[in-house]
Amino acid sequence: MKTKGLLVLIIIGIVLGIGVAWFSADIGAKKSESVAIKTENLQGLSDDNPDFAVWGARFPDYLDMYLKMKDSTYIATEFAGSYPYSKINRYPQLTMFWDGYAFKYDYNQNRSHYYSQIDQMDTLRNNKEYLNSHGLKAFDGQPGACMNCHTGNLQNLVKKFGWIEFNTMKYWTIIKMMEGPNTVHGKKMGSTCADCHNPDDMSLRVTRPAAIKAFIARGYESDEKHGIKADRQEMRSLVCMQCHVEYYNQPTGKKVTVKAETNYQEIPELREGNKIIEVQANGIELTYPWKFWKKGEPFRIEMFDDYYESVRDSFPYDFIHASTKAPILKMQHPEAELYSGSVHAANGVSCADCHMPYTRKGAKKVTNHFIASPLLDVNASCKSCHTQSEDYLKNQVKDIQRMVAANIRSAEYAVASLIQDITTLRSEMLKLQEFAKIADKKQQELEITKILTPALELHRKSQMRADFMNAENSSGFHNPRESNRIALQAVKYAKDGQNEVLAIAMKYGIKMQASKLGFEDMRKIAPKPSEVNNKRYYESPLQDDTPKDLLKLDKNLVPYNYKVFSNQK
């Protein structure tokens, strides 16, 4: 018996020894990536030449992973992916949201980081002639500020022109003045290694001036080498948070001297005697609205309410809605804000853990630089922490996203209904003698706008929330609890706005009923990409109408058809 007992203890000891050795080896493998990088020959790498081909020559495994994104444009997930179909075709309610703004005419499912500059150069939102011909007469071209997160050359451009000057200059003027061979597909290069890595040792860093300023304001400490001070695990999120955020262009209130063209043209080179000159312009600065979001706290949507009210004197809106005349805020891509209050964030999971998970390259364990949806590699992205099967985990993600999407679509339909009702009321009020007798059309509009202000403010707040959730690229998965709260707030504000409309209508003797628009109503106004001149913008696959399976999915979200979704698991 003693011999058997001794044998059992020996076996247990061997098993424990193997386990400890494996655990240590696994930790060592995760650390080996940074150790291996530090021992590489980095001589010659600098911010002066951020071309990923030059940097990638030292790290061919990483370059190979990155370049795979070039051919990943055929992949669509249920709510994202990288297939460039028209999102205003899939979600026509957005054309109502953005009436009077460039996004109404071109808004596509984004492609990979490889295409970040290419697609921005190609979008119709960056085409002055096209937008002017479609009713946006005041549009005189995007500013350079729009290039902040789309070019790997940002640091050089800021050094060359100055921070405020770079933001204020016209987009295509900067394109013409960008030097060097760093192009892809004959167009300027987008995201690159230098955006996130220091050339001295490849350590992670924050490079965007607006991000550094915003992080410091939140409570982070500045750092000359890394932008801000943070450990490597946190940096695996912060480098992504440089750009995956809500932002706006804050007027500086001062004139600035900038480079300009004698004849501004949205082409990448000077032609027909066009010259670069110096002019005075109203300065703008790319800014993150984070004043009320402090370090260590989860973001809450009310922080944007407070922030944009605090700067309303200098930045009252992104645009005036063409139909309702409401002062509208356009949300960008607020992944950082939404994710901050999630269960994953609370447990120290970084953006890279899911979107750039560790992978094997021979004997090395490295961060995957094929940046993509975790759904494309659940084994690497999810199962490093979760023990359930891949199918189970995929179904969990789909279930969460579909349920949140049902609330997001409900919010969008509610806001669209409010827009329709305000538009109808404005039209009916113009027929009343009280307003019809006002000869000046602009004065007519102003008088009616004053009366409708309570409804217009609710339009602003409800649309901001619905737009936030549509612009955020996870369909709520980054933080389902906050996503549902935001979406349901949008519904409430939109319904409150409709009540205001009905009360005003009753006061003026106008008979109205609250609209209740839904999926089928939206399909009737869906713009067809084939009807506008934008197919010239993408290589194969060309932008086209929304894939039919995605429309079928959307049709069954509101009201939620559990029978259909139960059969799809």
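About the cut-offs
- Every chain is numbered independently, its residues counted from 1 as its sequence is written.
- Since the coordinates come from a predicted model, pLDDT governs what is reported: local features require at least 70, and pairs of side-chain atoms require 80 or more to be given and counted, while whole-chain, interface and lining totals use all residues.
- The basis for every side-chain value is the complete set of heavy atoms in the structure, and neither hydrogens nor water enter the calculation.
- Note on disulfides: each one is a pair of cysteine sulfur atoms within 2.5 Å.
- Where helices and strands are cited, they refer to DSSP runs of H or I of at least four residues and of E of at least two residues respectively, numbered from the N terminus.
- Summary of the burial criterion: residues with accessible area below 20% of their type's maximum are buried, those above 50% are exposed, and those between are partly exposed, where the area comes from a 1.4 Å probe applied to protein chains only.
- What counts as a ring pair is set by centres within 6.5 Å for rings of Phe, Tyr and Trp (its six-membered ring), and what kind of pair is set by the plane angle: stacked under 30 degrees, edge-to-face over 60, tilted for all other angles.
- By the criterion adopted, a ring carries a charge over it if an Arg CZ or a Lys NZ lies within 6 Å of its centre and within 35 degrees of its normal.

### Details of the state of the cysteines
Alright, step 1. Counting across every chain of the model gives one disulfide.
Alright, step 2. A sulfur-sulfur distance of 2.4 Å marks the disulfide that ties Cys-149 to Cys-243. In this structure the cystine formed by Cys-149 and Cys-243 twists about its S-S bond by roughly -90°; its chirality is therefore left-handed. Note that Cys-149 is positioned in the loop between α7 (128-133) and α8 (154-161) and Cys-243 in the loop between α12 (232-241) and β5 (248-261), a separation of 94 residues in sequence.
Alright, step 3. For Cys-243, a relative accessible area of 17% puts it in the buried group.
Alright, step 4. In this structure Cys-196 is a free cysteine whose sulfur lies 6.7 Å from that of Cys-240, the closest cysteine sulfur available.
Alright, step 5. By relative accessible area, which is 23% here, Cys-196 ends up partly exposed.
Alright, step 6. Lacking any disulfide linkage, Cys-354 is separated from the closest cysteine sulfur, that of Cys-382, by 6.4 Å.

### Description of the packing of aromatic side chains
Alright, step 1. Following the criterion strictly, the structure yields 28 aromatic pairs and no others.
Alright, step 2. Considering the side-chain rings of Phe-299 and Phe-468, the 5.9 Å spacing of their centres and the 5° angle between planes classify their relative orientation as stacked. Of the two residues, Phe-299 sits in the loop between β6 (276-287) and α13 (302-310) while Phe-468 sits in helix α20 (residues 441-471), which places them 169 residues apart along the sequence. In terms of burial, Phe-299 and Phe-468 fall into one category: buried.
Alright, step 3. Pairwise contacts between aromatic rings join Phe-215, Tyr-220, Tyr-248, Tyr-288, Trp-290, Trp-293, Phe-299, Phe-304, Tyr-307, Tyr-308, Phe-315 and Phe-468 into one cluster.
Alright, step 4. Directly above the ring of Tyr-220 sits Lys-295, whose terminal nitrogen or CZ lies 4.5 Å from the centroid.

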